[in-house]
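Coordinate inspection notes
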Amino acid sequence: MEEKQTANHVLQTKQSCLQKVFHQPFTCIWNSGTAVICIAAFLFSLGALGVKLLAQHGQLPVFEVAFVPSVFCLAGTSALVYSSGHPSVVVPQPRIMMLTLLRGCLGAASLTLFYLSLSYLPLKDSVTLFFCSPAIAAVMEWLLMPSDSANNTVSIFGCLSTVVGVWLVSQPDCLQHSGTHTVGMLLALGGATANASAFIAVRMIGNAQSALSLTWWYHGCVSLVTLVPLLLKHPHAPVVPAQQDCLLLLAVSAIQFVGQILINRGFQLETATRGSAVNVLQVVFSYVWDLAVIKGGATAMGAVGAGLVICGVLAVALRKSAGSTSQGYDRLPIKEQELAAEPFEASSTSSECGELGDRNRSRVENATPSHS
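Treat the numbers as computed from the prediction; the structure is a model and nothing was measured.

Let's talk about empty space enclosed by the protein
In total, this model carries 1 cavity of 30 Å³ or more according to the counting rule given. In this structure, the largest cavity occupies an estimated 30 Å³ of space. What lines the largest cavity is simply Ser45, Ala48, Leu49, Lys52, Ser286, Trp289, Asp290 and Ile294. Counting only elements with at least two residues in the lining of the largest cavity, the list comes to α2 (33–57) and α13 (281–294).

Written as structure tokens, this is what we have:
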């Protein structure tokens, strides 16, 4: 009995040590807006790769590709909300609920306008115009949230660098044919504006809504909005996906599920200007996937553009500002503030594990044959 109690104590102490070792890095990442947006950008680039592979097969309409993952993500988010004991995705404050619905509707509008622009523009043109959103976010933040945009010169420079970098990576045809594709350009720029506005809404919500609730509303709005063109059979009627397409749709759904939670969390902590600039990293990731998987051709201008995007993101992420850290920290809930503020007592953990080792060393040596 004594040995059993000792073994249980040893197991509990080891579990406690592991929790302290692995929980602290996760907490640091979760409380860093730049870190979670970087991870979300990487995941979204993988999702874009899945969408490109689906487009190569040429069987599924674009709105079906948007609708199916949104339905899966809505079901998954609903299950997560229910299992986590989250009280409700509805909050009593009318202003917060209005902003939450606005964020969902703007996100759905952004996706819809971007997909509609693909009917009028090549993919690279649509992507280029869509990722002008950091510059749009900087202007909107300056107008709507001057406290966030004050003393933000480096961030604005980083935004402009990322926008120029995106144009060089994509090298859109509309640079040479500015008089054509007017409708497509307006749709893509409308999507960029809706995207930037959605990020502003998340920033204004702050921590009054959880990232999980924001994600639930987003997927709900996207599911409803993308269902309309499918019912209208625009631009094509929905089709039953093949087995390979089903696997890709499931992969895109899983990526969207995690990525949306992270992107909402990131914009709760970061200003819209900085967050939008960091989010442009997905263009660089997509450029790498295009070279490695799609086997697209590399160009010197594309490499320079990717470098400009990275420089812009680094300028935004590494900017030393006394106000930026406190702003993100103040938006954390009280429990997370205490958790983030609590230092990781590595010495006590090491001491505890060391005492455990000293107490059981003789038993281990006696029970285990030595190997020279």
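And the narrative resumes.
Focus: unusual backbone geometry
Backbone geometry places Lys233, a non-glycine residue, at a positive phi of 60°. Given a relative accessible area of 56%, Lys233 falls into the exposed group.

Re the packing of aromatic side chains
How two aromatic rings sit relative to each other is set out by the distance from centre to centre and by the angle between their planes. Evaluated as defined, the whole model comprises 9 aromatic pairs. Measuring from ring centre to ring centre gives 5.4 Å for Phe42 and Phe285, while their planes differ by 90°; the resulting arrangement is edge-to-face. Residue Phe42 is located in helix α2, and its partner Phe285 is located in helix α13; the two are separated by 243 residues in the primary sequence. Its relative accessible area of 24% is what places Phe285 among the partly exposed residues. Both rings, one in Trp216 and one in Trp217, keep their centres 5.0 Å apart while their planes meet at 85°; by these two values the pair is edge-to-face.

Focus: the side chain of Gln209
Tracing the chain through its elements places Gln209 in the loop between α9 (182–205) and α10 (211–231). Dropping the residues within four chain positions of it, Gln209 is found in contact with Val89, Val91, Ile96, Met97, Thr100, Leu214, Trp217 and Gln268.

Concerning the packing of helix α3 (residues 62–83) against helix α4 (residues 94–117)
Contact pair α3 / α4: the axes reach a minimum separation of 10 Å and the direction vectors enclose 155°. The angle between the axes of α3 and α4 places the two elements in the roughly antiparallel class. α4 is crossed by α3, and the crossing has right-handed handedness. Taken together, the residues of α4 that come into contact with α3 (itself represented by Val62, Phe63 and Ala66) are Leu111, Thr112, Tyr115 and Leu116.

So, the nonpolar core
Residues Phe131 and Ile263 are the most contacted members of the largest nonpolar core, which totals 52 residues. It is α2 that provides the largest number of residues to this core, a total of 6 residues. Those residues within four positions of Ile263 in sequence are excluded, and the remaining contacts are Ile37, Ala40, Phe44, Arg103, Phe199 and Asn279. In this structure, Leu60, Val65, Val68 and Leu248 belong to the second largest nonpolar core, which totals 6 residues.

Focus on a nonpolar patch on the surface
Together, Val139, Trp142, Leu143 and Leu144 make up a nonpolar patch on the protein surface, roughly 480 Å² of accessible area in all. Mapping Leu144 onto the fold places it in helix α6 (residues 133–144). Judged by its relative accessible area of 53%, Leu144 is exposed.

Quick word on the environment of Trp217
Positionally, Trp217 belongs in helix α10. Trp217 sits in the buried class, given a relative accessible area of 15%. In sequence terms Trp217 and Gly104 are 113 residues apart; their C-alpha atoms lie 5.5 Å from each other. What Trp217 contacts, discounting residues up to four positions off in sequence, is Val89, Val90, Met97, Thr100, Leu101, Gly104 and Gln209.

Side note on the environment of Ala108
Of note, Ala108 is situated in helix α4. Each C-alpha atom, one on Ala108 and one on Ala198, is 9.5 Å from the other, the two residues being 90 residues apart in sequence. Once residues lying within four places of it in the same chain are set aside, the contact partners of Ala108 are Tyr218, Cys221, Val222 and Val225.

Let's talk about the pattern of salt bridges
All told, the structure shown has 1 salt bridge when counted by the stated rule. Of the charged contacts in the structure, one is a salt bridge between Glu270 and Arg274, with a shortest N-O distance of 3.5 Å. A relative accessible area of 11% means that Glu270 is categorised as buried.

Section: the confidence of the model for the chain
Per-residue pLDDT for the chain averages 76, and the proportion of residues at 70 or more is 73%. Contacts from residues 320–372, a stretch scored under 50 in pLDDT, to residues over four places away or in other chains number 46 contacts.

The rules we used
Residues numbered from 1 in each chain as written. Predicted model: local features only at pLDDT ≥ 70, side-chain atom pairs only at ≥ 80, totals over all residues. Heavy atoms only, no water. 1 Å grid on protein atoms, 1.4 Å probe; cavity = no way out; pocket = protein on both sides within 12 Å on 5 of 7 lines; lining within 4 Å. Points joined across faces, edges and corners; volume = space filled by probe spheres on them. Helix = DSSP H or I, 4+ residues; strand = E, 2+ residues; numbered from the N terminus. Buried < 20%, exposed > 50% of the residue type's maximum accessible area, 1.4 Å probe, protein only. Phe/Tyr/Trp six-rings, centres within 6.5 Å; stacked < 30°, edge-to-face > 60°. Contact = heavy atoms within 4.5 Å. Axes fitted to C-alpha atoms, helices over the stretch in contact; angles between N-to-C directions. Parallel < 35°, antiparallel > 145°, perpendicular 65-115°, else oblique. Left-handed = near helix turned anticlockwise from the far one by under 90°. Core = buried A, V, L, I, M, F, W, Y, C linked by side-chain atoms within 4.5 Å. Patch = residues over 30% accessible without salt bridge, like charges linked within 9 Å, V, L, I, M, F, W, Y side chains within 5 Å. Areas by Shrake-Rupley, 256 points an atom, 1.4 Å probe, with all protein chains shown as cover. Salt bridge = Lys/Arg side-chain N within 4 Å of Asp/Glu carboxyl O. pLDDT = per-residue confidence, 0-100.

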